[in-house]
Amino acid sequence: MNRSFTISQGRPENDFWEKYAVLWRNSPERSPFQAPQLLQYFAGKSSRNTVVFQCLEANQLIGAVLLQEHKGVCSFLSDLKTDANFFVIDRTCSPDAVRDFFTCFMEMARREKWSLILNNQPAWATYMPALEAAGRASGLFWSNFGYSVCPIAEAETPEALYNRINGSREHRYRVNKLKNQANAEFEVLTDDTDLENWANEFCNAHVLRWTDTPTPSDFRDPARRQFLLDCLQAWCRDGLLVRFSVKVEQKRIGFVVGLREAGSLIHHSTTFHPGFWKFSPGKALIHFMAQWMRDNNLRVLDFGDGDEAYKYEIADREHVLNRIFSSNKRDVKFMAKAKIIKMVKDHPGVYHFYQHRLKPVAAQLVGLEHLLDWLWSLL
């Protein structure tokens, strides 16, 4: 069957979004980070730099990826807010169609003389062998390595997952302590009820939580608050947003942004009011989430990008997130950057020293922390 591949720059037209919404619904993951409303919002924010690569078969969109291009380097458009970045491919695509998609994608990168930085690429994606093969056969520089992880709690059934989390004495204790000592109430919202106020309370708690630490909250910036609200609204329009919170005297003091994915719930973002730290509202909310998941037939709790210790109190395995670099083999600077990053990941002590020794000291010196972050971003 004939397939056509196209590439376009700039904000996509409505016709594309209609086809993309169908494609996304037919994709195996239905990832919230590639959801139609979210990407349409992102494309509006960076319309001049948006790149769309798509494959059509019999006038049906069967594969697509949205990128952002800056000075000849392409990365996922969803890097603006993500845990995992998927290429979106129809679940009914044949292996031959998937191979063609990635072969043509790499040919596009070569023809346009673009370098690729593909962050948060899920190593567990079914298409990964085809992407790896196309990258290695492209004649371009290609580096694909594990960069981060998503801790996962999975069980055979939703009931089994709930029973396992409910079996944690620590998590049950936190729920009971909040209820008995603080008269707390737990809340779950799956529509846009009180969304703007909820987002504002989340940001206020986040700012308080990280005040006087080496990593103060980005939500001190009104633009970042608006960005969060816009993302929540986009996810809500696609029916993916599930907000969990705990209230004391009608004031929300603990929060989790949950996102539906095929068969799972992503524990995407969380915070709590520091005045209630001794109650561990985050742990209590995990227990509450497990109960909601049982009632909504979800058996996988995905803790999202990052290996924070609290996740492993529940998670029993990990999904690996890869980082992929590709460029013309004459781009020595780009290749050196990729190799240095891989070296750092292969020697985590270097990164640990930066994060836990050098960066906290720099935070005490005006401007130096930002300089170090900028230098690190170059890597």
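Going by the structure above, here's the rest.
Caption draft 1: A look at unusual backbone geometry. Its identity as a non-glycine residue notwithstanding, Arg30 has a phi of 50°, on the positive side. With respect to the helices and strands, Arg30 occurs in the loop between helix H1 (14–26) and helix H2 (36–45). Overall, the relative accessible area of 32% leaves Arg30 in the partly exposed class.

Caption draft 2: Local environment of helix H5 (residues 158–166). By the burial criterion, the buried members of H5 are Pro158, Leu161, Tyr162 and Ile165. Each buried residue of H5 sits inside an arc of 100° when the element is viewed along its axis, so together they form one side. Packing partners of the buried residues in H5 comprise strand S7 (141–154), helix H6 (169–182), helix H9 (281–295) and strand S12 (300–302).

Caption draft 3: Representation of the packing of aromatic side chains in the model. In the structure shown here, the tally under the stated rule is 30 aromatic pairs. Considering the side-chain rings of Trp17 and Tyr20, the 5.9 Å spacing of their centres and the 85° angle between planes classify their relative orientation as edge-to-face. Remark: Tyr20 and Trp17 occur in helix H1; sequence separation between them is 3 residues, near one turn of the helix. In this structure Tyr20 comes out as buried when scored by relative accessible area, which is 1%.

Caption draft 4: The pattern of salt bridges, seen in detail. Counting across every chain of the model gives 20 salt bridges. Where Lys19 meets Asp15, a salt bridge forms, and the shortest distance between an N and an O atom there is 3.9 Å. Taken together, the residues Lys19 and Asp15, both in helix H1 and 4 residues apart, mark about one turn of the helix. The exposure class of Lys19 is partly exposed, given its relative accessible area of 24%. With a closest N to O distance of 2.5 Å, Glu132 and Arg136 form a salt bridge.

Thresholds applied
In every chain, residue numbers begin from 1 and rise along the written sequence. The predicted nature of this model means local features are confined to residues of pLDDT at least 70 and side-chain atom pairs, given and counted, to a pLDDT of 80 or more, with totals for whole chains, interfaces and linings taken over all residues. For the side-chain quantities, the full set of heavy atoms in the structure was used; hydrogens and water were omitted. Secondary structure elements are defined from DSSP: runs of H or I of at least 4 residues count as helices, runs of E of at least 2 residues count as strands, and each element is numbered from the N terminus. Relative accessibility decides the category of a residue: with a 1.4 Å probe and only protein chains considered, values under 20% of the type maximum give buried, values over 50% give exposed, and everything between is partly exposed. The directions considered for the arc run from the helix axis to the C-beta atoms. Every residue pair with non-hydrogen atoms within 4.5 Å of one another is taken to be in contact. Any pair of Phe, Tyr and Trp rings, taking the six-membered ring for Trp, is counted once the centres come within 6.5 Å. Such a pair is stacked with planes under 30 degrees apart, edge-to-face with planes over 60 apart, and tilted for the rest. A pair is scored as a salt bridge if a Lys or Arg side-chain nitrogen falls within 4 Å of a carboxyl oxygen belonging to Asp or Glu.

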